[in-house]
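Here is how the chains run, residue by residue.
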Amino acid sequence: MQSAQHHYAEQAYMGIQEVKNSHADLVNEYGQLCHRFPSLVLTNGLRLAYIFFAKKAVLSKEAKPNAYRLYLAHMKEALQMDTWEKGLGLENRHGKVLSGTSSQTSYLYLSRNALNASVWFKRYAEAILKVEQRNDRSDSEGQV
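Every chain's residues receive numbers from 1 upward, in the order its sequence appears when written. For this predicted model, a pLDDT threshold of at least 70 governs which residues receive local features, and a threshold of 80 or more governs which side-chain atom pairs are given and counted, while totals over whole chains, interfaces and linings are taken from all residues. Processing note: side-chain calculations cover all non-hydrogen atoms of the structure and skip hydrogens and water entirely.

Trainee: I tried to follow helix H6 (residues 104-127) on my own but got confused; where do I start?
Mentor: Within an α-helix, residues lying three or four positions from one another point in the same direction, as the helix has 3.6 residues per turn. We count a stretch as a helix when DSSP gives it H or I for four or more residues in a row; a strand needs E for two or more, and each element gets its number in order from the N terminus. Take the residue count of a helix, subtract one, and multiply by 1.5 Å to get its expected span. With 24 residues, H6 extends 35 Å from end C-alpha to end C-alpha; this agrees with the ideal 34 Å at 1.5 Å per step. Each residue gets one of three labels from its accessible area relative to the maximum for its type: buried under 20%, exposed over 50%, partly exposed in between, using a 1.4 Å probe on protein chains only. Those residues of H6 that fall on the buried side of the exposure criterion are Tyr107, Leu110, Ser111, Asn113, Ala114, Ala117, Ser118, Trp120, Phe121, Tyr124 and Ala125.

Below is the structure:
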């Protein structure tokens, strides 16, 4: 049986390789998201970090994947969730979006796991994609 860290490392590696091999045009943006996601979770919480990334993923008018959409999909796989909405307790059994009904314990557990998984995405972004963290933000990137 593999550890959770091993699973996160494996999933992050597969996600990073997918971006490197199939979405070369998104390498820099995806790498920056790998650096930004953990700090967004620590600063604003996992729900708000997810909502921010999801909004950016939807804003893309193109049918092809954008970096936000890919990152959320890869993180969802790493966390072994059916959907983000169910994992974060944002959806009831009828599929309607709610305002965060998961228990505090499960939310904190998921947040900790998301941070643990995001460390691997960040490491591989630096090692494989060769993307270093930037401190400058353009106005179009927005803030939470």
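Trainee: How should unusual backbone geometry be read in this particular structure?
Mentor: As a rule of thumb, non-glycine residues mostly have phi less than zero, and peptide bonds are mostly trans rather than cis. Even without a glycine there, the phi angle at Gln80 is positive, about 55°. Structurally, Gln80 is set in the loop between helix H4 (67-78) and helix H5 (84-87). Phi at Lys130 takes a positive value of approximately 60°, unusual for a residue other than glycine. With respect to the helices and strands, Lys130 occurs in the segment after H6. Residue classification places Lys130 among the exposed positions, given a relative accessible area of 63%.

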